[in-house]
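Single-letter residue listing:
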Amino acid sequence: MLFRSNNETALTTSNVNSNQFGKLFTLAVDDQVYAQPLVAGDLSIGSGIHNVVLIATVNNSVYAYDGDNGTLYWQKNFTATGMRPPNSGDMSSGWCTPYTDFAHNIGIVGTPVIDSVAKTIYFVSRSTDGTSFAQYLHAVDIASGSEQPGSPVAISASVSGSGDGSVNNMVDFDPRRNNQRQGLTLVNGVVYITYSSHCDWNPYHGWILGYNAQTLQQVIVYNDTPNGENGGIWESGMGMAADAQGNLYITTGNGTVGQGNLYAGSSNGTNENNPNPAPTSLTDRAESALKLTPSGPTLLVSSFFTPTNYVDLNINDLDYGVMGTLLIPNSSYYFTGCKDGNLYLLNKDNMGGYSPASNQVQQTVPINVSLHCQPSYYLGSSNEFVYVWSENDQLRALSFNRGSNTFAANQIVSSEAGPTGGCGADLSVSSNGTADGTGILWAAYAVSGDAGNTVSPGVLRAFDANNITKEIWNSKINSTDAVGNYAKFSSPTIANGHVYLPTFSGQVVVYGLK
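Residues numbered from 1 in each chain as written. Predicted model: local features only at pLDDT ≥ 70, side-chain atom pairs only at ≥ 80, totals over all residues. Heavy atoms only, no water.

### What about the sheet that holds strand 8 (residues 120-128)?
As summarised here, the arrangement of the four strands in space is 7-8-9-10, forming an open sheet in which the pairing is antiparallel. Strands with a single pairing partner mark the edges of an open sheet, and in this sheet they are strand 7 (113-115) and strand 10 (153-154). Sheet topology places strand 9 (residues 133-141) next to strand 10; two bridges connect them, and they run antiparallel. Pairing of Leu-137 across the sheet is with Val-153, part of strand 10. (Pairing = 2+ DSSP bridges. Helix = DSSP H or I, 4+ residues; strand = E, 2+ residues; numbered from the N terminus.)

### A short note on the sheet that holds strand 21 (residues 298-305)
Taking strand neighbours across the sheet as the criterion, the four strands line up as 18-19-20-21 in an open arrangement whose pairing is antiparallel. Each having just a single partner strand, strand 18 (241-242) and strand 21 make up the two edges of the open sheet. As defined by bridge partners, strand 19 (residues 248-251) adjoins strand 20 (residues 289-295) across four bridges and the pair is classed as antiparallel. Its bridge partner being in strand 20, Thr-251 is matched across the sheet by Ala-289.

### Describing the pattern of salt bridges
If you walk through the whole model with that rule in mind, you get nine salt bridges. Between Arg-177 and Asp-174 there is a salt bridge, with its nearest N and O atoms 3.5 Å apart. For Arg-177, a relative accessible area of 18% translates into the label buried. In this structure, the salt-bridge partner of Asp-317 is Lys-339, at a minimum N-O distance of 3.8 Å. A residue pair is termed long-range when its members are at least 10 positions apart, and Asp-317 in the loop between helix 1 (310-315) and strand 22 (326-327) and Lys-339 in the loop between strand 23 (333-337) and strand 24 (342-347) qualify at 22 residues. On the basis of relative accessibility, which here comes to 16%, the residue Lys-339 falls in the buried class. When salt bridges with common partners are traced through the structure, they connect Lys-291, Lys-348 and Asp-349 into a single cluster. (Salt bridge = Lys/Arg side-chain N within 4 Å of Asp/Glu carboxyl O. Buried < 20%, exposed > 50% of the residue type's maximum accessible area, 1.4 Å probe, protein only.)

Encoded structure:
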């Protein structure tokens, strides 16, 4: 998830240092944590009013801990009766055997979302008996852990289409192959759930399903390749961007661009080396950035951008939708990235469509690295930055110019060595509004190995958000601050003077002022 805490009054660039800041305690959990921890402040729970951190694991467990002292208020497991969480052995296919994206269990993966008024947390659990597979949307009271009325609801969906895996011109949602990796989104009373796949296990499609937050009735079904294939919604686990009007913003991965033409390797495909006959058709929109507007029971593509080189992207497995994406606050611009190393700044209301001659976008910024990462954003008193830290690259700060609505030509690049392998850094920003001396960029990543495919040791680092060449703290300075194993696609959460860092070591580590 993109995390930006601009109401952090305790932590500053002066007191986050190796003498004053460090590990306070840990919160024990029963498995790996892919989902970002969420904090509910001033919650009536236990014997009073407390700040509560909610943690979900791939064992389908959810914990409610006191965020200030580590008291456990409740813990529950949400695996369906008589079943177990799916695991990596259940997902092996001809494309990816062995399947190493997950070490074992694949229960709750996407970051939940909390309705702070209704005091309800929404998340997706997964269960299997070894033969049949099921996914459930849960709505749970954050004070007690009890299911809300109507919860859970089994997730299913169908759309009309002739795409990969269709039967009688209907494409059905597959609860086994479809991977719920992105964080959930709650906007205008609708909980949205997005899907990619496990590896690239055909047949699969990119789905967005919307549920009424009060009744849990399904109100939106959208498939981005109903007459084609693939189009997974990956974004390194980061949730969909959304605006106040309820428009949703995503990027999609490899797959069909333009209605009615699949590429080689699908069950009924054509030649991937040729452009599709109708690349501007709105029906099949893989390899694209999309603005989606709710319309009755589905979503309409109200604007899109597809790179000129989409055929090459498909051929070489260079998905557009690999990086997390964000709307730049109080602007009309949307920031995206592609696995071929290009960053695209788009006008969210007029993204540029498709042109075979050139990309009609606001700006292209070549980074020339793969971009499996989550960007972040900071607004200070005189600076406005977007940060990116991809694998096998250095930390970069791109200054956004409100006059030209472009990124400045000169990037600020940290000299610090960063993530290796196939997994970039997960970034978060904390500050006390725009006050000088309070902006901190937090970065979590694996310090060795390839965290995309193996469990790897992690690190948490803190930089001055106004000057990323200045590191102010990291968890390797003092051995007592050690992280454990890095939790990929799960960014640090900062609240009330604490930093909550998920891990693959059976714990969430809590840092703060000593």
